[in-house]
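Secondary and tertiary structure notes
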Amino acid sequence: MLLRCRIPLPDFAVDIDASFDARVTSIFGPSGSGKTTILDAIAGLINVNEGEIEIDGRILFSSMRAINLSPQQRSIGYVPQEGALFPHLSVLQNVLFGSNRASGLTARARIETDHVLAVLEIANLLDRPITKLSGGEAQRVALARAVLSCPQLLLLDEPLAALDVALKEKILPYLSRVRDEFSIPMIYVTHNLSEVLALADWILMIRKGRLLAQGVPKDVLRSPDTIAQFAEEQLENVFAVMIIDADRVAGRTRVQLESGQELFVPYVAQAAGQAFQVRISPGDILISTKQPEGISAGNIIPGFIRRIGRSDGQAMVVVDAGAEFYVRLTASAVDKLELIEDHPVFLIMKTHSFRIL
Amino acid sequence: MFVTIETWQITLFSVAVALGSTLVILPFGIALAWIFARKEWPLKAIIETAVLLPLVMPPVSTGLILLEIFGRRSPVGEWLYDRGVEIVFNWKGVLIAMAVMSFPLLVRAARTSFSEVNPRLEQIAATLGASRWRIFFVITIPLAFRGIIAGSLLAFSRALGEFGATILLAGNIPGRTQTLSLAIFNYVQTGREHEAYTLLSITVMIAFASVWCSEWLLHSTKRT
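Here goes a summary of the coordinates provided. The shown structure was predicted, so the numbers you read here are calculated from the model rather than taken from an experiment. (Residues numbered from 1 in each chain as written. Chains lettered and ligands numbered in written order. Predicted model: local features only at pLDDT ≥ 70, side-chain atom pairs only at ≥ 80, totals over all residues.)

Right, let's get into unusual backbone geometry. Residue and element names in this part refer to chain A. Located in the positive-phi region is alanine 84, a residue other than glycine, with phi close to 50°. Structurally, the position occupied by alanine 84 is in the loop between strand 7 (76–79) and helix 3 (91–95). On the basis of neighbour counts, which here come to 22 C-beta atoms within 10 Å, the residue alanine 84 falls in the buried class. Its identity is not glycine, yet aspartate 342 carries a phi of approximately 70°, on the positive side. Within the secondary structure, aspartate 342 is located in the loop between helix 11 (331–336) and strand 20 (344–349). Residue class for aspartate 342 comes out exposed when judged on the 8 C-beta atoms lying within 10 Å of it. (Helix = DSSP H or I, 4+ residues; strand = E, 2+ residues; numbered from the N terminus. Buried ≥ 20, exposed ≤ 12 C-beta atoms within 10 Å, placed from the backbone.)

A word on the packing of helix 5 (residues 91–115) of chain B against helix 7 (residues 132–160) of chain B. All names here are of chain B. Viewed as axis vectors pointing N to C, helix 5 and helix 7 meet at an angle of 155°, and their least axial separation amounts to 8 Å. Of the possible angle classes, the one that applies to helix 5 and helix 7 is roughly antiparallel. In the crossing of helix 5 with helix 7, the sense of the turn from one axis to the other is right-handed. Every residue of helix 7 that contacts helix 5 at Met98, Met101, Ser102, Leu105, Leu106, Arg108, Ala109, Ala110, Thr112, Ser113 and Phe114 is listed here: Thr140, Ala144, Arg146, Gly147, Ile148, Ala150, Gly151, Ser152, Leu154, Ala155, Arg158 and Ala159. Considering only residue class, the contact of helix 5 with helix 7 consists of 13 nonpolar, seven polar and three charged. (Axes fitted to C-alpha atoms, helices over the stretch in contact; angles between N-to-C directions. Parallel < 35°, antiparallel > 145°, perpendicular 65-115°, else oblique. Left-handed = near helix turned anticlockwise from the far one by under 90°. Contact = placed C-beta atoms within 7 Å. Nonpolar A, V, L, I, M, F, W, Y, C, P; charged D, E, K, R; others polar.)

Residues and elements named next belong to chain A. Pairing in this open sheet of five strands is antiparallel, and the strands run 14-13-12-15-21 from one edge to the other. Only two strands of the sheet have a single partner each, and these edge strands are strand 14 (262–266) and strand 21 (355–356). Across six bridges, the pairing between strand 12 (residues 237–247) and strand 15 (residues 275–280) is antiparallel. The residue of strand 15 that forms the bridge with methionine 242 is alanine 275. (Pairing = 2+ DSSP bridges.)

Shown next as structure tokens:
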């Protein structure tokens, strides 16, 4: 796909020049960086000043050749953040709304309705009014509606943003299934790192309408420039853990990371062996160059500094301590402690700084 | 209450013409309301004000303007007369006076409900391949439906109560152009107060029913 466009906005201009060919491309950036504007431009919902938008050699927009296909002609499935289901139609009518377009396709290109309903597990919702759907169900219906229009490209605008954390974890597998079952390329807009890592095989990092970096997510997210950007952004450490034991009297749960490293997180009433995710903000982690003593924090873990990224007096330090922990420090703290790569350090984390997902 | 054949005729004539005028303005009102709600152009406010003008102008003045437009000596009136259509002093005059006077009420109510339809829904429908007409009739109109019906009921009530513009354009001819309001005026003038009160009761009942329905619809729109 070729995406080259310039769109002036009140505060800044979106100016993107990218070319990619991936199953799932993630547009990643903080809120207000023009991500939705880019999707609207691809779908033909807003005017693009100049540029070219091309999918598989098919030109959707070209200012030079004076081509500007209407949203109807573009063959793009769009799942906006709020789902935008038609509230006066039933779930079934919503799901089949775009299937007219699909009826013009050959049997091979057509996606079977039953298959989509099964993959997204919404067959039991068909007679329900839209107003009676939960947030997660509504997103799955919106996804089914877009997939059943048999688009050439699927645009997902933060489909999980409106959902609470528990629900997010449940919907994410559905997105992976859509990715694996129907071979429709996807562009997935998000500002959540764990979603990028779970779904995308290409990432476009956007900030204030500009492309900062693009590439394979793991590489892009590890470059010092990117880490420096994270110093200013809302980023969270998310780890998959397994319960070793939950001690109600002590008020804490002992869990194990995939690497075997143990952590103490707040008490959860669950049995040993249960798996879940924990989250800690980079600002809630302290770094010490010596092993601290006489300190109340439940987690003191040794590790090594892997990378340090700096931006505007802020620094993001990546520490390998059984897993990669992102730690937010001021630039002066980095200087004062003389932190450099491969330096051994201790991470200090309060039990209560962890949140259970 | 003593209801004569004459009373029935007046009531039936008024309701029929008011209903006719509402049906006539409905497509234009919906189209204009949608344009006002969705499109922007320079000097839009002037057009909007002009459409709303009959709402605030003395109805007699509007009637006078209509008489100037449709009178037999005006170009429009003459053109119509040559084709066998006469507007002034017959039921068509009543219908036009009612239509013009009630049009702004329909446009205002429909415009508000069109504005409340999330444009994102129309955009998403477009990405799903729906034509403009399909989007309008399957998404926009159904979502604005209650407001449109409420506006139509208001317009109907306004048409039924029309007096000033009607008397100038169509006159007050019993059995020909006499509506409920014109007849009440006539009865009071000629001292037939009993008949006037009968017509008054009928007017109150019809007006109450339509305003009540309209309010109910508008409020249930807000609830959903």
